[in-house]
Amino acid sequence: MEYDPIKDRLGSLFGRYPRLLPVLFSLLHLFFLRAWYVRRELRRLLKPGMHVLDAGTGFGQYAWHVARKYSGVAVVGTDIKENYLTWAKACFRTSAAGAAIVLQHDDLTAPNVEGPFDCILAVDVLEHIEDDVRVLEHFARLLASSGHIIVSTPSNLGGSDVLVEGQDSFIGEHVREGYGRTEITRKLERIGLTVVRADYTYGHWGSRAWRMLIKHPIRLLSKSIWFAPLLALYYVPVLPVGLMFNRLDMVRPNATGTGLIVVAKKQLE
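Residues numbered from 1 in each chain as written. Predicted model: local features only at pLDDT ≥ 70, side-chain atom pairs only at ≥ 80, totals over all residues. Heavy atoms only, no water.

Novice: Describe in detail the overall build of the chain, supporting the description with residues and values.
Specialist: Within the chain one finds nine helices and seven strands. Looking at the chain as a whole, 54% of its 269 residues qualify as buried. Long-range pairs, those at least 24 residues apart, make up 77% of the contacts in the chain with a sequence separation of at least 6. Of the roughly 12,800 Å² that the chain leaves accessible, carbon and sulfur atoms contribute 56%. (Helix = DSSP H or I, 4+ residues; strand = E, 2+ residues; numbered from the N terminus. Buried < 20%, exposed > 50% of the residue type's maximum accessible area, 1.4 Å probe, protein only. Contact = heavy atoms within 4.5 Å. Areas by Shrake-Rupley, 256 points an atom, 1.4 Å probe, with all protein chains shown as cover.)

So, in structure tokens, the structure goes:
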């Protein structure tokens, strides 16, 4: 409920100064644990010459990361929010890395984008879409043989920060709280994909980092943007601890967690 307006406000602010949008990307990659997990999976999978779909690209942070980090990889980023794409296009035009990125307005339930793609990235997308199976079916159709899909999503163990029945979600745009690991595995297998990994994220340490680095500051900003200068003082002691907790979440297997990172593969046809 409070996260999305702050996110839109940040996008609008950086959108006025497109050359600074990569600064926002760097901050998102630093603070958000899901970005740590996604980038690790990209390191495992991407090779030169691959074609990547960043489905629900948002501000374009992952499309930008792939284009800059992986030489010879072409990226298509799609989103249903045209204002997000406008901000991203203005940024990408100012950099050579942007030449490897095509941004397209698209609805994932009825996509016009054309494949095949060697890798499809869906970061915090499925929990926003009621007909998620339909979207996954389109992903399977768009995947090249032996292609992979990377899904990052909240789990149903409080992934949208709903721990008390009847309490409003901290994330207002979700149509479901999250997924169980068995549930999303079955949905992927039902459409003909083989799940390679399905791991919980935001476990004991990661969920603490989320509250320290993201939730508490956003709750403060939602009261008044004038609290922003205080966050600089807040992060001096908190940031090193939060980043250490993020790292611990990645190196220690999580029996449970409020997030999921899932990698599935399309078999050779």
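Novice: Please provide a residue-by-residue account of a nonpolar patch on the surface, values included.
Specialist: A cluster of nonpolar side chains, Y17, L20, V23 and L27, forms an exposed patch at the surface whose accessible area comes to about 370 Å². Along the chain, the position of L20 falls in the loop between helix 1 (3-15) and helix 2 (21-31). (Patch = residues over 30% accessible without salt bridge, like charges linked within 9 Å, V, L, I, M, F, W, Y side chains within 5 Å. Salt bridge = Lys/Arg side-chain N within 4 Å of Asp/Glu carboxyl O.)

Novice: Describe the side chain of K187, and please don't skip the residues or the numbers.
Specialist: Looking at the element boundaries, K187 is found in helix 7 (residues 181-190). For K187, the side chain forms a polar contact with the side chain of D132, separated by 2.7 Å. What K187 contacts, discounting residues up to four positions off in sequence, is D132, V133, L136 and Y179. (Polar contact = N/O pair within 3.5 Å; in protein donor to acceptor, adjacent residues only side chain to side chain.)

Novice: For unusual backbone geometry, give the residues involved together with the corresponding values.
Specialist: Look at the link from G115 to P116: it is a cis peptide, with omega at 0°. Secondary-structure assignment places P116 in the loop between strand 3 (101-105) and strand 4 (117-123). Of note, the phi angle at D124 is positive, near 50°, even though the residue is not glycine. With respect to the helices and strands, D124 occurs in the loop between strand 4 and helix 6 (132-142). The phi dihedral of Y202 falls on the positive side, at around 50°, and the residue is not glycine. For Y202, the location among the structural elements is in the loop between strand 6 (193-201) and helix 8 (204-223).

Novice: Give me the lowdown on the packing of aromatic side chains, citing residues and values where you can.
Specialist: All chains considered together, the criterion is met by ten aromatic pairs. Each ring, one from Y202 and one from W210, has its centre 6.4 Å from the other, and the planes form 90°; the classification is edge-to-face. For the pair formed by Y202 and W210, the shared burial category is buried. Judged by centre distance (4.9 Å) and plane angle (45°), the rings of W205 and F245 are tilted. Linking W205 in helix 8 with F245 in helix 9 (residues 228-251), this pair joins segments that are 40 residues apart in sequence. Joined through ring pairs, the aromatic side chains of F25, W64 and F92 make up one cluster. (Phe/Tyr/Trp six-rings, centres within 6.5 Å; stacked < 30°, edge-to-face > 60°.)

Novice: Any details on the side chain of D106? Residues and values, ideally.
Specialist: With respect to the helices and strands, the residue D106 is situated in the loop between strand 3 and strand 4. Buried and without a salt bridge, D106 has R141 as its closest oppositely charged side chain, separated by 8.0 Å. Within the structure, D106 has its side chain in polar contact with the backbone nitrogen of N112 (distance 3.0 Å). Once residues lying within four places of it in the same chain are set aside, the contact partners of D106 are T78, D79, I80, P111, N112 and V113. (Lys, Arg positive; Asp, Glu negative; His and termini not counted.)

Novice: How would you sum up helix 7? Please name residues and give values.
Specialist: Along helix 7, the residues that are buried comprise I184, T185, K187 and L188. The buried residues of helix 7 occupy an angular sector of 160° when the element is viewed end-on, so they sit on one face. Every exposed residue of helix 7 that faces more than 90 degrees away from the buried side is listed here: R186 and R190. Where helix 7 is buried, its residues contact helix 6, strand 5 (143-154), strand 6 and strand 7 (259-266). (Arc of directions from axis to C-beta.)

Novice: An account of empty space enclosed by the protein is requested, with residue identities and associated values reported.
Specialist: Following the criterion strictly, the structure yields one cavity of 30 Å³ or more and no others. Volume-wise, the largest cavity comes out at about 30 Å³. Lining the largest cavity are F31, F32, L33, Y202, A209, W210, L213, I214 and N246. With four residues, helix 8 is the largest single contributor of residues to the lining of the largest cavity. A breakdown of the residues in the lining of the largest cavity according to their chemical character gives eight nonpolar, one polar and no charged. (1 Å grid on protein atoms, 1.4 Å probe; cavity = no way out; pocket = protein on both sides within 12 Å on 5 of 7 lines; lining within 4 Å. Points joined across faces, edges and corners; volume = space filled by probe spheres on them. Nonpolar A, V, L, I, M, F, W, Y, C, P; charged D, E, K, R; others polar.)

Novice: Which residues make up helix 8, and what values do they have?
Specialist: The first and last C-alpha atoms of helix 8 sit 28 Å apart over 20 residues, in line with the 28 Å expected at 1.5 Å per residue. Of all the bends in helix 8, the greatest measures close to 40° and is centred on R211. Regarding helix 8, the residues found buried are G206, S207, A209, W210, M212, L213, I214, K215, P217, I218 and L221. (Expected span 1.5 Å × (residues − 1). Bend = angle between axes of the 7 residues up to and from the residue.)

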